[in-house]
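Inside the fold
Listed here are the chains, written in short residue letters.
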Amino acid sequence: MTIFPYKMVKVTEGMHVKVSNHFYYSDFGARAAGEQRYTGRRFVMEDTPGTGFIERESDSHTYCQFVRKKIAVQRPRYWRLLLGKEPSFDRELQRVSSAMDHNSDPRKRLILESYQNALAIARTEERLQRIIRGIKDRIGHKSNKFFVSVLSHYKNKASHLSEDMRSVQLDVRSLCSPETYAAYVDMVDAFVQMANCRRIWHYNERVKSRFAQVYFDLGVFDFIHSETYLPLMRDSVGRHFYILPDSVIVAHSAVDFEVVPLAELSIIMQELSVEEPVEVLSTRLGDAASMIKIPRFDISFYFNHVRPIVHFIDALDRLKATL
């Protein structure tokens, strides 16, 4: 248990700084350095390092609220630190090690091994970032050459870790042929248009309201590298579906997931009409225009548009044809 929010750390001979014990949230390993400066899009980390999504531009008030809630959790709070509710690399590495001991599936082990190696590097980088923050706080408005040189030293050490991270990350290009990857990129473009639908609902017959609004994004899972990011679909019961070029990851957590070959999945698209049953076209779904169903996962999504859904299904079928 961590009791104190700060600790004194010796960063060089004759210089100690106060370093925060709070987890340092960053997009290290999730995307290229400086990408946010060019796109303006934030990487929003989920509950564990290396897993999250890229915030997309949207005029949906509920989506903006969804993102704000995710960001609000990341603000340093002493009670979360005290109770161990902040992300922890040590805890996550233990969970990965345990998951590998109980998994024999080759694809799952490939992802877990990559994640384990990436976590070890990210843990070092996160500690360096907290030290850098401590040095900056120590410098304040009294900068001198000595302080600047110490700060530069730690910044250089952190930047060198980016190359190490890329060497251990699982790259989606290594999972498929060039033809499949080209079709995958087209599918991702179509997915983005579908994700931009103002309203997406998940049909959950286990709850009273049944139809829950959910959000699709481009994301990252377990530090898997993809220049396009991974299409991410969420349902209302906590499952996350990440689409890879040859498979779909059904994730309950960063270490609890299954990998389903994309070629084995049947995804059914249907356009809704005024003749649909009343319980479907309820007041909550008054503007529902189409749906997709994935029987393997017993899941149905409803959308307030048709054309983007048709384009996505077509692009997905072209991708599956290359497998």
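The notes below deal with the structure included here. Remember, it's a predicted structure, so these values are computed and weren't measured experimentally.

1. Some points on the overall build of the protein chain
Scanning the protein chain from terminus to terminus reveals eight helices and 14 strands. What you see for the protein chain is a C-alpha radius of gyration of 22 Å, in line with the 20 Å of a compact globule of 323 residues. Classification of the 323 residues of the protein chain by burial places 50% in the buried group. Carbon and sulfur atoms make up 50% of the accessible area of the protein chain, which amounts to about 16,800 Å² in all.

2. Notes on the pairing of strand β13 (residues 290-294)
Burial analysis of β13 places four of its five residues in the buried class, the great majority of the element. Sheet topology note: the strand β12 (residues 268-271)/β13 ladder contains four bridges and is antiparallel. Residue pairing for β13: Gln270 is matched across the bridge by Met291. Bridge count between β13 and strand β14 (residues 299-303): five bridges; the pairing is antiparallel. Counted as the bridge partner of Ile294 is Ile299 from β14. Where β13 folds back on β14, the antiparallel hairpin that results is connected by four residues, among which Asp298 adopts a positive phi of roughly 50°.

3. Points about the sheet that holds strand β5 (residues 200-203)
As summarised here, the arrangement of the five strands in space is β6-β5-β14-β13-β12, forming an open sheet in which the pairing is antiparallel. The open sheet terminates on both sides in strands that have one partner only, identified here as β6 (211-213) and β12. The average undirected angle you get between the axes of adjacent strands in this sheet is 25°.

4. Side note on the pattern of salt bridges
Counted under the stated rule, the structure contains 18 salt bridges. Between Arg95 and Glu92 there is a salt bridge whose closest N-O contact spans 2.9 Å. Of this pair, Arg95 and Glu92 both sit in helix α4 (residues 89-101), separated by three residues, roughly a single helical turn. Between Arg107 and Asp246 there is a salt bridge whose closest N-O contact spans 2.8 Å. Of this pair, Arg107 sits in helix α5 (residues 106-139) while Asp246 sits in the loop between β9 (240-243) and β10 (247-251), placing them 139 residues apart in sequence. The structure contains a network of salt bridges with shared partners spanning Glu46, Arg56, Lys70, Asp217 and Arg234.

5. Regarding a nonpolar patch on the surface
The grouping of Ile3, Phe4 and Tyr78 at the surface amounts to a nonpolar patch, some 340 Å² of accessible area in total. Turning to its location among the elements, Phe4 is positioned in the segment before β1 (6-12).

6. Some details on the state of the cysteines
On inspection of all chains with the given rule, the structure shows zero disulfides. Not part of a disulfide, Cys64 finds its nearest cysteine sulfur in Cys197, a span of 16 Å. Residue classification places Cys197 among the buried positions, given a relative accessible area of 4%.

7. Points about the packing of α4 against α5
Following both chains from N to C, one finds α4 and α5 inclined at 165°, their axes separated by 10 Å at the closest point. In terms of orientation, α4 lies roughly antiparallel with respect to α5. The handedness of the crossing between α4 and α5 comes out as left-handed. Residues Phe89, Asp90, Glu92, Leu93, Val96, Ser97, Ala99 and Met100 of α4 form the contact with α5, whose participating residues are Arg109, Leu112, Glu113, Tyr115, Gln116, Leu119, Ala120, Ala122, Arg123 and Glu126. Its residues assigned to classes, the contact of α4 with α5 comprises 10 nonpolar, two polar and six charged.

8. A look at empty space enclosed by the protein
In total, this model carries two cavities of 30 Å³ or more according to the counting rule given. Forming the boundary of the largest cavity are 13 residues, of which Ser26, Phe28, Pro49, Phe89 and Phe223 lie nearest the centre. If you list the elements that add at least two residues to the lining of the largest cavity, you get β3 (43-45) and α5. Here the lining of the largest cavity gets three residues from one element, more than from any other, and that element is α5. Split by residue class, the lining of the largest cavity holds nine nonpolar, two polar and two charged. Taken together, Met233, Ile243, Val248, Leu262, Leu265, Ile267, Ile294 and Phe297 make up the lining of the second largest cavity. Its residues placed into classes, the lining of the second largest cavity shows eight nonpolar, no polar and no charged.

What counts, and at which threshold
- Residues numbered from 1 in each chain as written.
- Predicted model: local features only at pLDDT ≥ 70, side-chain atom pairs only at ≥ 80, totals over all residues.
- Heavy atoms only, no water.
- Helix = DSSP H or I, 4+ residues; strand = E, 2+ residues; numbered from the N terminus.
- Rg over C-alpha atoms; globule rule 2.2 N^0.38 Å.
- Buried < 20%, exposed > 50% of the residue type's maximum accessible area, 1.4 Å probe, protein only.
- Areas by Shrake-Rupley, 256 points an atom, 1.4 Å probe, with all protein chains shown as cover.
- Pairing = 2+ DSSP bridges.
- Axes fitted to C-alpha atoms, helices over the stretch in contact; angles between N-to-C directions.
- Salt bridge = Lys/Arg side-chain N within 4 Å of Asp/Glu carboxyl O.
- Patch = residues over 30% accessible without salt bridge, like charges linked within 9 Å, V, L, I, M, F, W, Y side chains within 5 Å.
- Disulfide = S-S within 2.5 Å.
- Parallel < 35°, antiparallel > 145°, perpendicular 65-115°, else oblique.
- Left-handed = near helix turned anticlockwise from the far one by under 90°.
- Contact = heavy atoms within 4.5 Å.
- Nonpolar A, V, L, I, M, F, W, Y, C, P; charged D, E, K, R; others polar.
- 1 Å grid on protein atoms, 1.4 Å probe; cavity = no way out; pocket = protein on both sides within 12 Å on 5 of 7 lines; lining within 4 Å.
- Points joined across faces, edges and corners; volume = space filled by probe spheres on them.

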